[in-house]
Amino acid sequence: MLLRPTSDDFRLVVGTLGRVLVLVALAGVVPLGWAAVAREWGPAASFLLMIGLFASVGFGLQLAGSSGPVRLDWSHGMVVVALTWLVVPALGSVPFALSGHFGGWLDAYFDAMSGVTTTGLATVQDIDHLAASVNLWRHLLQFLGGQGIVLAVLSIFAGGGLITLYYSEARDERILPSIRSTARFIWGVSLLHALAGVTALAAIGWLVLGFSAHRSLFHGLTIFMAAFDTGGFSPQSTSLAYYRSGVFEAVTAVFMVAGAMSFGLHYALWRRLNRARPGLEVRTIAATFAATLTASLFGLVLLDQYTDLHGLVRRGLFQMLSAHTGTGFSTVSTADLLRWDGLAFAAIATAMALGGMASSTAGGVKALRIGLTLKALAGQVRQVLLPRQAVASHTYLHFGRRRRLTPEIAQAVMAVSLLYVALYLLGAAVGLAFGYPLQEALFESVSAGANVGLSVGVTDPTMPALLKVVYILQMWAGRLEFVAVFSLVGFLLAWAVGE
Amino acid sequence: MAERSFLRGIRRAAALFLVEIAVVVSAVLLAAALGGAFLLVIG
C-alpha cells in the first residue's frame, strides 16, 4: 500500500524547489551582464525575462511552500532534485527559444537539458552566429549542472535535511565531516581550476591563436566550463577542431581529466593524504582507459584512417579521452567519426558507456561500479571453487580505507549498472524504430544516457520529436543515476493512487 | 602567517595540477607507444 503524500510533504518539496530556483535566477545575471557589455539587446531582454521567471516562480513556490525550518527526509530530497533538473532547463531554455537559433521550444529544452546534465548534444542551428551571451548561458548551464545545482544551495543554506539533496544529486561520498564544508571544498576546487583553466586557455587564444583579448576570454571561459564539467558544448560548430591547436587540445584535456576525477580524490591530493594512493576505482579507470585506448588505436590502424603517428595519437587519444571522461568534445568531423568502424567504434562506444569516476561531473556507469561489479563476480566464482563450509570475505580499497563488499552493496551496484545498460538499449531501440542504422542509433543513445555528447549526426533539429523526448529523458535519468527519478515517479504514483 | 598559508595553498594547487598533467602526459606516451607499435606491425 502506498501512503499518499500529505500537504506538508508538498509544501516542503515546493518550498525547497523555490529556494533553488531563486538561486539559479542569480546565475542569469552573468549572461545578462555580458549581453549588456556586448550590446546584445535582444538576448539581454530574454535574460531579463528568464531571471524574472526564475525569481517569480521561485519566490511563488517559497510562499506556497514551507515557511518553517526545512526538515527534509531522504524521499523529499530525491523528489526536489528530480524536479529541479526538469524545471531549471524549462525556464533556462527561454533565451534559447527566443534567440531564433532553435527549431522550437522542444529543441531549446533539449539543449538546456543537455547543458544542465553536462551531456553536450545540441540541436542549435547556425551556432557560429549565435549571440555570445546566449552561448555563454549554454556553457553556464553546464557549469551549474556539473557543480550540482543544489550544491550551491547547500553551500549557503546547509542545515536541516538539506544533506539529502547532496546524495540525491548522484554524489555518494561526503568528503569532509560537515556537508557545508564539503560543498565549499567542491566549489573551492572548481574555482581554483577555473582560475587556472580560463587563464591558460585565454592566454593560448591570445598569444598562440591570435584572438583578440575579449574573444580569448570568451573562448577560455566557455571551453573551460565545458571541459571541467565534462559537458562538451562548444561555441563553434566544429567543436575543438575549430582551434587547430595541439596545445589548446592538450590544456583542455588536462581539465577534462580533472573533471572526471572524483572530488574525493581531489581532496586527498590537495591534503596530500594517504587516501590518494590508487584504490579500486583508480585502478579500474586506468585499466578500462588503457583497454579501450588500445582497442581504438588498433581499430584505427586496421581501418587505415591515420597513416602517421602524430595524426593517429592526436585524433585517436583525444576522442578516447573525450569519450571516457564523458566530455564530448571532438577534434574530428561527424563524417570522420562515422568512418570509425568496427573495433574503433566499439571501443569508443564502450568508453562512453563506462564513464568517469563516481562523485565527479562525468556520467556513465562509473569506474567504481565497474570495479565493484567485477570484484563481486570474481568473489562469486571464488565462492563456488571453495569448500562448501568456507566463507569468503571480500574487501576493496577506496580512498585509503579497506571496505567490505557486502552482498547489499554488490546488489545495488549491479542493479544501477543494469539500469544503465537498459537505458542505452531503450534509446537505441527507439532510434532503430525511426529507421536509423543500428550503429548510429546505439552510439547516440549511449552518448545521451552516459551524458557524453559525442554525436554521429543523429542529434539534429530535424530528428523526430519523440526521439528528442527520449534523449531528454535519457540525459535526465542518466545524470541523476535513476534513484531520484524513481523517487519522483513513486511520489507522483503515491499521490495519485495512495491512501 | 597569512603569507605562509597563501604559499602553502599555491604549493598544494601546483601539486594537484601536476598530477592532472601527469595523467595526460602518461596517456600521450601510452598512445604513442601503442600507436607506433601498431603502425609498425600492421600499418
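Residues numbered from 1 in each chain as written. Chains lettered and ligands numbered in written order. Predicted model: local features only at pLDDT ≥ 70, side-chain atom pairs only at ≥ 80, totals over all residues. Heavy atoms only, no water.

A. Main features of the overall build of chain A. Secondary structure assignment for chain A yields 22 helices and two strands. By the compact-globule yardstick of 23 Å for 499 residues, chain A fits well, its C-alpha radius of gyration being 22 Å. In terms of overall dimensions, chain A has C-alpha extents of about 75 × 65 × 50 Å along its principal axes. Relative to its full complement of 499 residues, chain A shows a buried share of 58%. Within chain A, counting contacts between residues at least 6 apart in sequence, those at least 24 apart form 74% of the total. Carbon and sulfur atoms form 67% of the exposed surface of chain A, whose accessible area is close to 19,200 Å². Separation of charge centres in chain A, based on 31 positive and 24 negative side chains, amounts to 13 Å. (Helix = DSSP H or I, 4+ residues; strand = E, 2+ residues; numbered from the N terminus. Rg over C-alpha atoms; globule rule 2.2 N^0.38 Å. Buried < 20%, exposed > 50% of the residue type's maximum accessible area, 1.4 Å probe, protein only. Contact = heavy atoms within 4.5 Å. Areas by Shrake-Rupley, 256 points an atom, 1.4 Å probe, with all protein chains shown as cover. Lys, Arg positive; Asp, Glu negative; His and termini not counted. Charge placed at Lys NZ, Arg CZ, Asp CG, Glu CD.)

B. Examining the overall build of chain B more closely. Looking only at helices and strands, chain B has one helix and zero strands in total. Dimensions of chain B along its principal axes, counting C-alpha atoms only, are 60 × 10 × 5 Å. When burial is assessed residue by residue, chain B has 30% of its 43 residues classed as buried.

C. Focus on the confidence of the model for chain A. With 92% of its residues at a pLDDT of 70 or more, chain A has an overall mean of 89. Taken element by element, chain A is modelled with least confidence in helix H9 (residues 163-168) of chain A, mean pLDDT 54, and with most confidence in helix H6 (residues 105-116) of chain A, mean pLDDT 97. (pLDDT = per-residue confidence, 0-100.)

D. Spatial organisation of the interface of chain A and chain B. Between chain A and chain B, the contact holds 30 residues from the first and 24 residues from the second. Looking only at chain A, the three residues that lose the most surface to chain B are Val-254, Trp-270 and Val-301 of chain A, adding up to 23% of its buried area. At the boundary of chain A with chain B, the tally comes to zero salt bridges. Ranked by residues supplied to the side of chain A that touches chain B, first place goes to helix H14 (residues 280-303) of chain A with eight residues. (Buried area = accessible area lost by both parts, 1.4 Å probe. Salt bridge = Lys/Arg side-chain N within 4 Å of Asp/Glu carboxyl O.)

E. Expanded view of the confidence of the model for chain B. Model confidence for chain B is summarised by a mean pLDDT of 90, while 98% of its residues fall at 70 or above. Across the interfaces of the predicted complex, the ipTM metric reaches 0.94, alongside a pTM of 0.92.

F. Structural view of the packing of aromatic side chains. Residues and elements named next belong to chain A. Within the structure shown, the criterion is met by 20 aromatic pairs over all chains. Taken together, a centroid distance of 6.4 Å and an interplanar angle of 75° make the contact between Phe-47 and Trp-137 edge-to-face. Taken together, the positions of Phe-47 in helix H3 (residues 41-64) and Trp-137 in helix H7 (residues 132-147) put the pair 90 residues apart, joining distant regions of the chain. Per residue, the accessibility class of Phe-47 equals that of Trp-137, and both read buried. Centre to centre, the rings of Trp-105 and Tyr-109 are 5.0 Å apart; their planes meet at 20°, and the pair counts as stacked. (Phe/Tyr/Trp six-rings, centres within 6.5 Å; stacked < 30°, edge-to-face > 60°.)

G. Here's a closer look at the nonpolar core. In this structure, Trp-137 and Phe-224 of chain A are the most contacted members of the largest nonpolar core, which totals 143 residues. Ranked by residues supplied to this core, first place goes to helix H1 (residues 2-41) of chain B with nine residues. Phe-224 of chain A has contacts with Phe-143, Ser-190, His-193, Ala-194, Gly-197, Val-198, Leu-201, His-219, Asp-229 and Phe-255 of chain A, leaving out every residue within four places of it along the chain. Leu-280, Ala-358, Leu-368 and Ala-376 of chain A belong to the second largest nonpolar core, which has nine residues in total. (Core = buried A, V, L, I, M, F, W, Y, C linked by side-chain atoms within 4.5 Å.)

H. Highlighting the pairing of strand E1 (residues 395-398) of chain A. Bridge count for E1 of chain A against strand E2 (residues 401-404) of chain A is four bridges, and the pairing is antiparallel. The residue bridging His-398 of chain A from the neighbouring strand is Arg-401 of chain A, located in E2 of chain A. (Pairing = 2+ DSSP bridges.)

I. Structural detail: a positive patch on the surface. The grouping of Arg-271 and Arg-272 of chain A together with Arg-4, Arg-8 and Arg-11 of chain B at the surface amounts to a positive patch. Inspection of the secondary structure puts Arg-271 of chain A in the loop between helix H13 (263-270) and H14. (Patch = residues over 30% accessible without salt bridge, like charges linked within 9 Å, V, L, I, M, F, W, Y side chains within 5 Å.)

J. How the structure looks around the side chain of Thr-284 of chain A. Residues and elements named next belong to chain A. If you trace the backbone, Thr-284 turns up in helix H14. Given the relative accessible area of 9%, Thr-284 is considered buried. Excluding anything up to four places from it in sequence, Thr-284 contacts Ala-367, Ile-370 and Gly-371.

K. Representation of the environment of Ala-14 of chain B within the structure. With respect to the helices and strands, the residue Ala-14 of chain B is situated in helix H1. With 28 residues separating them along the chain, Ala-14 of chain B and Ile-42 of chain B place their C-alpha atoms 41 Å apart.

L. Focus on H14 of chain A. End to end, H14 of chain A covers 34 Å across 24 residues, agreeing with the expected 34 Å (1.5 Å per residue, within 8%). Just downstream of H14 of chain A lies Asp-304 of chain A, where phi reads positive at about 65°. (Expected span 1.5 Å × (residues − 1).)

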